[in-house]
Amino acid sequence: MLATVAIHYSVVSDSIAVVFFLVNSHLSLVPVLGSVYTLIMRVIAKRTLREFWESSQKYADAQAPIEAWHAEVLKATWKSPQELKAQFRNASILKNHRVVFNIAGNKYRLIVAIDYSRQAMFIKFIGTHKQYDDIDAENI
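Here goes a summary of the coordinates provided.

Rules used in this analysis
- Residues numbered from 1 in each chain as written.
- Predicted model: local features only at pLDDT ≥ 70, side-chain atom pairs only at ≥ 80, totals over all residues.
- Heavy atoms only, no water.
- Phe/Tyr/Trp six-rings, centres within 6.5 Å; stacked < 30°, edge-to-face > 60°.
- Helix = DSSP H or I, 4+ residues; strand = E, 2+ residues; numbered from the N terminus.
- Buried < 20%, exposed > 50% of the residue type's maximum accessible area, 1.4 Å probe, protein only.
- Pairing = 2+ DSSP bridges.

## Things to note about the packing of aromatic side chains
The description of two aromatic rings rests on the distance between their centres and on the angle between their planes.
Right, on to step 1. Under the counting rule described, the total for this entry stands at six aromatic pairs.
Right, on to step 2. Taking 6.2 Å as the distance between ring centres and 80° as the angle between the ring planes, the aromatic pair formed by Y59 and Y108 counts as edge-to-face. Pair noted here: Y59 is in the loop between α1 (46–55) and α2 (63–74) and Y108 is in strand β7 (residues 108–115), with a separation of 49 residues, a long-range link. In this pair, the class of Y59 matches that of Y108, namely buried.
Right, on to step 3. Ring centres 6.0 Å apart and planes at 80° place the aromatic pair W78 and F88 in the edge-to-face group. Linking W78 in the loop between α2 and α3 (81–87) with F88 in the loop between α3 and β5 (92–93), this pair joins segments that are 10 residues apart in sequence.
Right, on to step 4. Residue F88 is classed as buried on the basis of its relative accessible area, which comes to 19%.
Right, on to step 5. One aromatic cluster is present, formed by W69, W78, F88 and F101 through successive ring pairs.

Right, dumping it as structure tokens:
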């Protein structure tokens, strides 16, 4: 029987990491022999996204497209920028591991930094197209 496994990886400090295995809906701290494991992308932190659409009534229309993007990203297992581009053709790959996503038909821009080996995505910026034009996307 094949086990359904999701791996949740949490960095506690610079030197400590905790890995939780969710095996057939049961939490485990040790891997199950014979199972195949795949890290799923983590977004750090969704709170930043939520604070954006809640910060002003004029950004309330961003909630649904941001949540749709977030749900899609949580299923991702990209190992390279090329794999990301295959799914999000309109994403722009920048220096410093940065990626720019167009949200809500390019009304909003979302910049993330991605660590593909850890399957971790760090929110660096969310704002309007005009706000995006005023920042340095590669160094934010």
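## Description of the sheet that holds strand β6 (residues 98–103)
Right, on to step 1. In space, the five strands of this open sheet follow the order β4-β8-β7-β6-β5, with mixed pairing throughout. Each edge of the sheet is formed by a strand with only one pairing partner; in this case those strands are β4 (42–44) and β5.
Right, on to step 2. Relative to strand β8 (residues 120–128), β4 is paired through three bridges, and the arrangement is parallel. Its bridge partner lying in β8, I44 is registered against F122.

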